[in-house]
Amino acid sequence: MERKGGCKGRTIAVCSKRDMVDPTYAGLCPDKLDDFALGTIFKAKSAFHALLKSTPSRIVLETREERLAGKDEVDSPIPEEETWLEKSFDFVQVKNACLIALVAAVQLSDKVTTSTDKRSLEYYVKQAFYLPETIFKGLVETAEKSESLKLELHCRVQSAKDIPPMDANGKSDPYCRLCILSRKHQDTHAVRHGTISDWLKSKLVTKSCVTNVKNETLEPVWNEEFTLPLTEPNEDLLVIEVWDSDESTVTASKIKGIRGLKSFIHDLKEGDDFIGRAFYPVHSIPLRGEGKTLTLYSRSMKHQRGSVAVRLSVHGVRGDTPIETRLREHTTLYKGLVKFESRKTKEGLMIHKHQRRWDAKLSDTASTLLLQHALFLGLSDLQRAAVQLDILLQYHKAYAVDMDVFRKLVSEIKQYSTGCSDMR
């Protein structure tokens, strides 16, 4: 298929329709997506169906130079879509997006692990949006005086392995309890000899969360998500304890040996049994979040008691700002960065003129800026991926983007959809 206004374009073999970026085939759950993500996905679906209308397995992609090189259409007008990179922004939106990016750089660079320092991020904002010096200085001063952002930890407790048997039948009935503890309390007597329940009573911690009990297993799978408020990210520790529930249904026929009999009698007399505990510093969590397998230790921290797998990420708390406003600000920032990054020179040549299929890869500084911006605004991975898909589809109308970029984004949206798969 030839693009509008084109002539002798270069054909690029693509997979069949079902392998193309189509949310219908990606197995998405529309009822689990927010309105913005849904709108973006259906835009993507319509755009790719249009591209595939005439030929099911080929797409004709061409650059402006290739089209103008055609003998019969040298004077053909440039399609309106190809002025996308030259279209101006609403300056108020740009200032708001840049201000939030600068505030995020000021507040998060020393709280969340990043690969780029604050000054580099500030200079990049000025460079990418061509901000006049006076406006840039004003934004930086405002950012420096901004109110401190509240952060929260998102923790998905996924599973555990090698849990020691605590019941008479050689199994356990494990569940997890988790909280945020200040590092300054870690080596105190109350922490070493107590549990999260004890810390709550003594007000060492303010909140704890508990998973469901998984009966008769040494390799439980929970996949449960929790949110815990952070007060000092540089000093906060995530604590996860694994316990064996005493609500056992073990019968005499399931008791295994002398050890099993002792466990059965113990369960009748005592409450839940402590299995193991893990500490993890919040400041070690990278900006993108991470999956981590934490080793469980006994209270003395001398003996290993299995491990627990978690997915961790830090987010800003922005409940006072409407989601539509936050998405608009993030969209403005991402579009500006795409325009700037795609114009960057490579061996003296403009990428969007000479690289026929842009891989949409941003520099480390741009990626850090976007992640901090999304974290500051409290945007989910799903919302962030939907914004990227929306802007790259607009860019694709004028300049070709590598098909793998769209496949990856829709795959991510599928993963981020609650109820369809695990979180990122």
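Residues numbered from 1 in each chain as written. Predicted model: local features only at pLDDT ≥ 70, side-chain atom pairs only at ≥ 80, totals over all residues. Heavy atoms only, no water.

*Asks:* Would you take a moment to explain the overall build of the protein for this structure?
*Replies:* When its secondary structure is counted, the protein shows 14 helices and twelve strands. At a minimum sequence separation of 6, the contacts of the protein that also span at least 24 residues come to 78%. When the accessible surface of the protein is split by element, carbon and sulfur atoms take 50% of a total near 20900 Å². (Helix = DSSP H or I, 4+ residues; strand = E, 2+ residues; numbered from the N terminus. Contact = heavy atoms within 4.5 Å. Areas by Shrake-Rupley, 256 points an atom, 1.4 Å probe, with all protein chains shown as cover.)

*Asks:* Mind showing me how you'd approach unusual backbone geometry here?
*Replies:* Trans peptide bonds make up most of the peptide bonds, and negative phi angles are found at most residues other than glycine. Here Asp162, not a glycine, exhibits a phi torsion of approximately 60°, which is positive. Looking at the secondary structure, you find Asp162 in the loop between strand E3 (151-161) and strand E4 (174-182). Relative accessible area serves as the criterion here: at 57%, Asp162 is assigned to the exposed category. Its identity as a non-glycine residue notwithstanding, Lys203 has a phi of 65°, on the positive side. Judged by relative accessible area, which is 72%, Lys203 ranks as exposed. (Buried < 20%, exposed > 50% of the residue type's maximum accessible area, 1.4 Å probe, protein only.)

*Asks:* Just checking my understanding: could you explain the environment of Gly336 for this structure?
*Replies:* In this structure, Gly336 sits in helix H10 (residues 323-343). Overall, the relative accessible area of 3% leaves Gly336 in the buried class. Along the sequence, Gly336 and Ala97 sit 239 residues apart, while their C-alpha atoms lie 9.7 Å from each other.

*Asks:* I would appreciate a short explanation of the environment of Asp117 in the present structure.
*Replies:* With respect to the helices and strands, the residue Asp117 is situated in the loop between helix H4 (91-108) and helix H5 (118-128). The exposure class assigned to Asp117 is partly exposed, which follows from its relative accessible area of 43%. Expressed as a C-alpha distance, the spacing of Asp117 and Val106, which sit eleven residues apart in the sequence, is 9.6 Å. A polar contact is formed between the side chain of Asp117 and the backbone nitrogen of Arg119, at a distance of 3.1 Å. (Polar contact = N/O pair within 3.5 Å; in protein donor to acceptor, adjacent residues only side chain to side chain.)

*Asks:* Whenever I open this one, helix H6 (residues 133-144) confuses me. Can you help?
*Replies:* Given 3.6 residues per helical turn, the α-helix brings residues three or four places apart onto the same face. The first and last C-alpha atoms of H6 sit 16 Å apart over twelve residues, in line with the 16 Å expected at 1.5 Å per residue. As for H6, its buried residues are in contact with H4 and H5. (Expected span 1.5 Å × (residues − 1).)

*Asks:* Any chance you could explain the packing of H4 against H5 here in plain terms?
*Replies:* Helix-helix packing: each pair is described by the crossing angle between the helix axes and the interaxial distance. Their axes nearest at 9 Å, the elements H4 and H5 cross at an angle of 170°. By the angle between their axes, H4 is roughly antiparallel relative to H5. Here H4 contributes Cys98, Ala101, Leu102, Ala105 and Val106 to the contact with H5, which in turn contributes Lys118, Leu121, Glu122 and Val125. (Axes fitted to C-alpha atoms, helices over the stretch in contact; angles between N-to-C directions. Parallel < 35°, antiparallel > 145°, perpendicular 65-115°, else oblique.)

*Asks:* What am I meant to see in the state of the cysteines here?
*Replies:* Two cysteines joined by a covalent bond between their sulfur atoms form a disulfide. Under the definition given, this model contains zero disulfides. No disulfide involves Cys179; its sulfur sits 9.0 Å from the nearest other cysteine sulfur, which is in Cys209. (Disulfide = S-S within 2.5 Å.)

*Asks:* Whenever I open this one, the packing of aromatic side chains confuses me. Can you help?
*Replies:* Working definition: an aromatic ring pair is given by the centre-to-centre distance plus the angle between the planes. Under the defined criterion, the tally for this structure stands at three aromatic pairs. Aromatic pair Tyr130 and Phe340: ring centres 6.5 Å apart, planes at 75°, arrangement edge-to-face. Within this pair, whereas Tyr130 is found in the loop between H5 and H6, its partner Phe340 is found in helix H10, the two being separated by 210 residues in sequence. Assessed through its relative accessible area of 11%, Phe340 is described here as buried. Ring geometry for Trp243 versus Phe274: centroids 5.4 Å apart, planes at 85°, classification edge-to-face. Remark: Phe274 occurs in strand E8 (residues 273-281) and Trp243 occurs in strand E7 (residues 236-244); sequence separation between them is 31 residues. Judged on exposure class, the residue Trp243 and its partner Phe274 are both buried. Taken together, Tyr124, Tyr130 and Phe340 form an aromatic cluster joined through their ring pairs. (Phe/Tyr/Trp six-rings, centres within 6.5 Å; stacked < 30°, edge-to-face > 60°.)

*Asks:* Mind showing me how you'd approach the pattern of salt bridges here?
*Replies:* Opposite charge on two side chains lets them pair, provided their charged atoms get close. Enumeration according to the criterion identifies nine salt bridges in this entry. Salt-bridge contacts for Lys118 lead to Glu144; the nearest nitrogen and oxygen are separated by 3.9 Å. You can see Lys118 sitting in helix H5 and its partner Glu144 sitting in helix H6, a full 26 residues away along the chain. Between Asp404 and Arg407 there is a salt bridge, with its nearest N and O atoms 2.8 Å apart. Highlighted residues: Asp404 and Arg407, both in helix H14 (residues 403-416), separated by three residues, approximately one helical turn. The exposure class of Arg407 is partly exposed, given its relative accessible area of 23%. Overlapping salt bridges, with partners in common, bring together Lys118, Arg119, Glu122 and Glu144 in one network. (Salt bridge = Lys/Arg side-chain N within 4 Å of Asp/Glu carboxyl O.)

*Asks:* I keep staring at the side chain of Thr331 and nothing clicks. Help me out?
*Replies:* Within the secondary structure, Thr331 sits in helix H10. From its side chain, Thr331 meets the backbone oxygen of Leu327 in a polar contact 2.8 Å long.

*Asks:* Got a minute to help me understand the pairing of strand E9 (residues 290-297) in this structure?
*Replies:* On a regular strand, one side chain projects to one face of the sheet and the next to the other, so that they alternate. In this structure, E9 lies alongside strand E10 (residues 304-316), joined through seven bridges in antiparallel fashion. Directly across from Tyr297, in E10, lies its bridge partner Gln304. From the end of E9 to the start of E10, which pair antiparallel, there are six residues, and Met301 there has a positive phi angle of about 65°. (Pairing = 2+ DSSP bridges.)

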